[in-house]
Amino acid sequence: LPICNGLVTELVFSASVYQWKHMLRQRCSAPAEAEIRQMYCDVLQALKRTGYHDSFKDLVIVDSPDGIGRCLKEN
């Protein structure tokens with residue numbers, strides 16, 4: 001079995017819809033690192049399950065052009 005030296009990190013914070021969209025556009029975009037993109041794709045899916053889901057309907061997840069995971073696309 002491979003040995004993993006990583007630590008689980010949990011963050012709890014709040015942000016406005018504008019701030020969330022700003023973070024998503026930066027961290028879930030095609031040029032972002034694949035692991036960061038994956039995390040923020042998961043964040044977007046979680047945000048779409050909240051009462052603010054209409055605020056994020058213009059943001060969709062598509063396959064990344066580099067072939068590694070997914071990334072954000074705005075409609």
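If you're wondering where the values come from, they're calculated on a predicted model, not measured in any experiment. (Residues numbered from 1 in each chain as written. Predicted model: local features only at pLDDT ≥ 70, side-chain atom pairs only at ≥ 80, totals over all residues. Heavy atoms only, no water.)

## A few points about the side chain of Lys21
- In this fold, Lys21 is placed in helix 1 (residues 17-27).
- Owing to a relative accessible area of 15%, Lys21 belongs among the buried residues under this scheme. (Helix = DSSP H or I, 4+ residues; strand = E, 2+ residues; numbered from the N terminus. Buried < 20%, exposed > 50% of the residue type's maximum accessible area, 1.4 Å probe, protein only.)

## Topic: the environment of Val60
- Looking at where Val60 falls in the secondary structure, it is placed in strand 1 (residues 59-63).
- For Val60 and Cys71, which are 11 residues apart along the polypeptide, the C-alpha to C-alpha distance reads 8.4 Å.
- Not counting residues within four places of it along the chain, the set of residues in contact with Val60 comprises Lys48, Cys71, Leu72, Lys73 and Asn75. (Contact = heavy atoms within 4.5 Å.)

## Digging into the pattern of salt bridges
- In total, this model carries four salt bridges according to the counting rule given.
- Close ionic contact of Lys21 with Asp58 constitutes a salt bridge, the shortest N to O distance being 3.3 Å. Remark: Asp58 occurs in the loop between helix 2 (34-47) and strand 1 and Lys21 occurs in helix 1; sequence separation between them is 37 residues.
- For Asp58, a relative accessible area of 22% corresponds to the partly exposed category. (Salt bridge = Lys/Arg side-chain N within 4 Å of Asp/Glu carboxyl O.)

## A closer look at the packing of helix 1 against helix 2
- At a minimum axis distance of 9 Å, the contact between helix 1 and helix 2 shows a crossing angle of 145 degrees. Along this stretch, helix 1 crosses helix 2, giving a crossing that reads as left-handed. Side by side, helix 1 and helix 2 meet where Trp20, Met23, Leu24 and Arg27 of the first sit next to Ile36, Arg37, Tyr40, Val43, Leu44 and Leu47 of the second.
- Along the lines of polarity and charge, the residues of the contact of helix 1 with helix 2 split into eight nonpolar, no polar and two charged. (Axes fitted to C-alpha atoms, helices over the stretch in contact; angles between N-to-C directions. Left-handed = near helix turned anticlockwise from the far one by under 90°. Nonpolar A, V, L, I, M, F, W, Y, C, P; charged D, E, K, R; others polar.)

## A short note on the nonpolar core
- Counting 11 residues, the largest nonpolar core consists of Trp20, Met23, Leu24, Cys28, Tyr40, Cys41, Leu44, Leu47, Phe56, Leu59 and Leu72.
- Of all elements in the fold, only helix 1 and helix 2 reach the threshold of two or more residues within this core.
- It is helix 2 that provides the largest number of residues to this core, a total of four residues. (Core = buried A, V, L, I, M, F, W, Y, C linked by side-chain atoms within 4.5 Å.)

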